[in-house]
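Structural description and commentary
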Amino acid sequence: MQVFRFGCVLVPMISEHDEPDALSPHDLPPVRTQADLHQVWRHLVGPLGFAVSSLWLMFLTADGRQSGVLPVVEDVPDHPEPADLDGLATLCTHVLDELGAGASVALLRSRPGRHPATAGDRAWAVLTAETFGRRGLLTWPVHLATDHQLSVLSADDLAA
């Protein structure tokens, strides 16, 4: 089964470029609130600035702990294709089943540029929520990281 038409790499949550006192995945605070999630994304994304558009996936156990692997799908298109989101939901279903009851997934779209949320960013957030919701997957609001800011794609952004 082909999950994506584009590449996916598995990235350790802590890289060799991090500071010696950087937190390991097990040292990161648990994600229990939107503020917790924003803080963890800020730590994981590092300095803002992106060469390509990517989709980051963080899998969380029922107690909010990160699984230790951060899949990053690189070179994602500006607008998602339903088949790609179905494949992504299938992948997430398998991982969440392995993590057990109450596990969830958080997604972050990163892309170059300084502009706030675009129609493509909103499409990723809306279609991901719809696709994952149909599968009964526990998800968090999608975040957006650009060269200028890290933000959550709020209901107002999605309605625009």
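These notes cover the structure that comes with them.

1. Regarding the overall build of the protein
Helix and strand counts for the protein come out as four helices and six strands. Every one of the 160 residues in the protein was classed for burial, and the buried ones make up 41%. Summed over its atoms, the accessible surface of the protein is roughly 8100 Å², and 55% of this surface lies on carbon and sulfur atoms.

2. Some points on the side chain of His-143
Relative to the helices and strands, His-143 resides in strand β5 (residues 143-145). On the basis of relative accessible area, His-143 is assigned to the buried category, the value being 0%. If near-sequence neighbours (up to four positions away) are discounted, His-143 is found in contact with Gln-34, Leu-37, His-38, Trp-41, Leu-107, Leu-108, Arg-109, Leu-150, Ser-151, Val-152 and Leu-153.

3. Notes on unusual backbone geometry
Even without glycine at this site, Asp-75 takes up a positive phi of about 55 degrees. Along the chain, Asp-75 falls in the loop between β3 (69-74) and α2 (82-99).

4. Focus on the environment of Arg-114
Tracing the backbone shows Arg-114 in the loop between β4 (104-110) and α3 (119-134). A relative accessible area of 57% means that Arg-114 is categorised as exposed. Spatially, the C-alpha atom of Arg-114 lies 7.7 Å from that of Gln-149, the residues being 35 residues apart in sequence. Among the polar contacts listed, one links the side chain of Arg-114 to the side chain of His-148, at a separation of 3.0 Å.

The rules we used
- Residues numbered from 1 in each chain as written.
- Predicted model: local features only at pLDDT ≥ 70, side-chain atom pairs only at ≥ 80, totals over all residues.
- Heavy atoms only, no water.
- Helix = DSSP H or I, 4+ residues; strand = E, 2+ residues; numbered from the N terminus.
- Buried < 20%, exposed > 50% of the residue type's maximum accessible area, 1.4 Å probe, protein only.
- Areas by Shrake-Rupley, 256 points an atom, 1.4 Å probe, with all protein chains shown as cover.
- Contact = heavy atoms within 4.5 Å.
- Polar contact = N/O pair within 3.5 Å; in protein donor to acceptor, adjacent residues only side chain to side chain.

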